[in-house]
Amino acid sequence: MFNYSKHKTYTNLFKENKISIGMFLPLRALNQEADIKPEIDLIREIEQQNFSAIWLRDIPLFDPNFGDIGQGFDPFVYAAWLAALTSKIAIGFGSAIFTLRHPIDLAKKATSIDQLSNGRLILGVAAGDRMSEFPAYNIPYNEKGMRFVESINMFRALLDNNNRTINSPLGYIDGNLRLIPKAVNDFIPLIVTGRGQQDIKWIAENSDGWFTYPIQTHNKEGVARLGKNISEFRQHIPGNMFKPHLTNEWIDLVEDKYYPRTPTNGGFILKTGRLGLIELLEEWQEVGVNHAALGIQYGKRPSKEVIQEIGEEVLPAFI
């Protein structure tokens, strides 16, 4: 069991009965050229406005059936760039696809970014939901659940300071071989995204937190359903210890602060004014959400205006 109290980023980001707020990248709609240069000033604005985290997505290949490219660039490369561009904000993955990448490569990249950022990496981990990527990696889709568990086990064994032999279905590592560098705090928090074909009990026992989709966000019914899932998760956490729950929403924040929470684009995007956003965040906090990752790339207003409004008018309500 990890000593979470020694991980400054983890304890600053996740507090019991409190919600913190982060932002998903990209901060504006991207075409397939994925130019990030205009985002530099926006990322600095996010840190200056005291958002808690910046989140990246791991999308190896563009699939037109999904229609998005995340932030375009490889998240590990991007995270290293963010480590140099920022100084205090948490750098989160929502999430790294552990089934498609080998644990040695994942561990090497993750510990490198953790060192470069002075321990600011929070690593969301997922089994992958784009079936088209699995044959591209020559990995059977029906092995997804097994590979997810084995990848997490091997990743953590590699970060363990006790250099021991690792004998996994994914590879054999002699005890004389070591992973360098080590993580700043001797471990990197692994936040399971979705379920990875595992049950909630396994997630509660083996993760360092749980990141789930929010269900519907325009009314209290969806929030209540989310709360039931969080309660079930917490019932299975060993020793009644605290582990965080995270969720996200893509928002179109309009200028009219009274505009009600309204689902658009088939429920994929929540259109709302800032009072509706505050109301949603308060409801999430009440049912046990500890971090909200907001995406604004599908909104109509200039990104800088939205970042400033959330930073100046929304964040103070949750400090």
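Since the structure is predicted, the reported quantities are computational estimates derived from the model, not experimental observations. (Residues numbered from 1 in each chain as written. Predicted model: local features only at pLDDT ≥ 70, side-chain atom pairs only at ≥ 80, totals over all residues. Heavy atoms only, no water.)

1. Thoughts on the nonpolar core
Worth spelling out the cut-off: We call a set of buried residues a nonpolar core when its members are Ala, Val, Leu, Ile, Met, Phe, Trp, Tyr or Cys and they connect through side-chain atoms within 4.5 Å of each other. Buried residues are those whose accessible area, probed at 1.4 Å on protein chains only, stays under 20% of the maximum for their type, while exposed residues exceed 50% and partly exposed ones sit between those limits. Secondary structure follows DSSP: runs of H or I at least 4 residues long count as helices, runs of E at least 2 residues long count as strands, and numbering of each begins at the N terminus. Any two residues having at least one pair of non-hydrogen atoms within 4.5 Å are treated as being in contact.
Core analysis: the largest hydrophobic core is formed by 75 residues, its most contacted members being Phe-98, Leu-123 and Ile-310. With eight residues, the top contributor of residues to this core is helix H6 (residues 144-159). The contacts of Leu-123, once residues within four sequence positions are left out, are Phe-93, Ala-96, Phe-98, Ala-110, Phe-155, Ile-188, Pro-189, Leu-190 and Ile-191. By size, the runner-up hydrophobic cluster in this structure holds 17 residues, among which are Tyr-4, Ala-90, Ile-122 and Ile-191.

2. What about the environment of Tyr-78?
Looking at where Tyr-78 falls in the secondary structure, it is placed in helix H3 (residues 75-85). When the C-alpha atoms of Tyr-78 and Ile-113 are compared, they prove to be 9.8 Å apart, with 35 residues separating the residues in sequence.

3. Here's the deal with the side chain of Arg-120
Rules: For this count, His and the chain ends are skipped, Lys and Arg are scored as positive, and Asp and Glu as negative. Basic side-chain nitrogens of Lys or Arg form a salt bridge, by our definition, when they fall within 4 Å of a carboxyl oxygen of Asp or Glu. Counted as a polar contact is a pair of N or O atoms within 3.5 Å, where, for protein atoms, one must be capable of donating a hydrogen and the other of accepting one, and residues adjacent in sequence contribute only when both atoms are in side chains.
The residue Arg-120 is located in the loop between helix H4 (103-116) and strand S4 (121-126) in this model. Buried Arg-120, no salt bridge; nearest opposite-charge side chain is Glu-47, N-O distance 4.5 Å. Of note is the side chain of Arg-120, whose polar atom sits 3.1 Å from the backbone oxygen of Ala-83. Within the local environment of Arg-120, its side chain forms a polar contact with the side chain of Thr-86, the two groups lying 2.8 Å apart. Arg-120 has contacts with Thr-9, Leu-82, Ala-83, Thr-86, Ser-87, Lys-88, Ile-89, Ala-90, Ile-91 and Asp-114, leaving out every residue within four places of it along the chain.

4. Quick word on the pattern of salt bridges
In total, this model carries 14 salt bridges according to the counting rule given. One salt bridge connects Asp-208 with Arg-156, and the closest N-O pair in it is separated by 2.9 Å. Residue Asp-208 is located in the loop between helix H7 (200-206) and strand S8 (210-211), and its partner Arg-156 is located in helix H6; the two are separated by 52 residues in the primary sequence. Judged by relative accessible area, Asp-208 falls into the buried class, the value being 1%.

5. Considering the layout of surface pockets
The condition is simple: Only protein atoms enter the 1 Å grid used here. Points where a 1.4 Å probe fits but cannot escape make up a cavity, open sets with protein on both sides within 12 Å along at least five of seven lines make up a pocket, and a residue lines them when an atom lies within 4 Å of a point. Grid points are joined across faces, edges and corners, and a volume is the space filled by probe spheres set on the points.
Approximately 1100 Å³ is the volume attributed to the largest pocket. Arg-57, Asp-129, Arg-130, Tyr-213 and Trp-250 are, among the 44 residues lining the largest pocket, the residues nearest its centre. Secondary-structure elements contributing two or more residues to the lining of the largest pocket are strand S3 (90-97), S8 and strand S9 (245-253). In this structure, the second largest pocket occupies an estimated 640 Å³ of space. Taken together, 27 residues make up the lining of the second largest pocket; nearest its centre are Asn-12, Leu-13, Lys-15, Phe-51 and Ser-52. At the level of elements, helix H1 (8-13) and strand S1 (20-24) are the ones that each hand at least two residues to the lining of the second largest pocket.

6. Some words on the packing of helix H2 (residues 39-48) against helix H10 (residues 303-314)
Filter applied, for reference: Where helices are involved, their axes are fitted lines through C-alpha atoms of the stretch in contact, as for all axes, and angles between N-to-C directions lie from 0 to 180°. The scheme is simple: roughly parallel for angles under 35 degrees, roughly antiparallel for over 145, roughly perpendicular for 65 to 115, oblique for anything else. Think of it as three bins: nonpolar holds Ala, Val, Leu, Ile, Met, Phe, Trp, Tyr, Cys and Pro, charged holds Asp, Glu, Lys and Arg, and polar takes everything else, Gly as well.
Packing of H2 against H10 brings their axes to within 10 Å, and their N-to-C directions diverge by 5 degrees. Taken together, the axes of H2 and H10 are roughly parallel relative to one another. When H2 is examined against H10, the residues Leu-42, Glu-45 and Ile-46 are found in contact with a partner set consisting of Ser-303, Lys-304, Ile-307 and Gln-308. Split into classes, the residues belonging to the contact of H2 with H10 amount to three nonpolar, two polar and two charged.

7. Observations concerning the pairing of S4
Two faces, one strand: in a regular strand the side chains alternate between the faces of the sheet. Heads up, the rule is: Note on handedness: a crossover is taken as right-handed if, strands pointing away from the viewer, the path from the first strand over the helix to the second is clockwise. Pairs of strands are assigned from DSSP output, requiring at least two bridges between the strands.
The buried count for S4 comes to six of six residues, which makes it a mostly enclosed element. Burial of the side chains of S4 extends over both faces: Leu-121, Leu-123 and Val-125 are buried on one face and Ile-122, Gly-124 and Ala-126 on the other. A crossover connection joins S3 to the parallel S4 through H4; in handedness this β-α-β unit is right-handed. Where S4 and strand S7 (residues 190-193) come together, three bridges link them in parallel fashion. Looking at the pairing, Val-125 lines up with Val-192 of S7.

Scope: geometric values only; no functional claims are made or implied.
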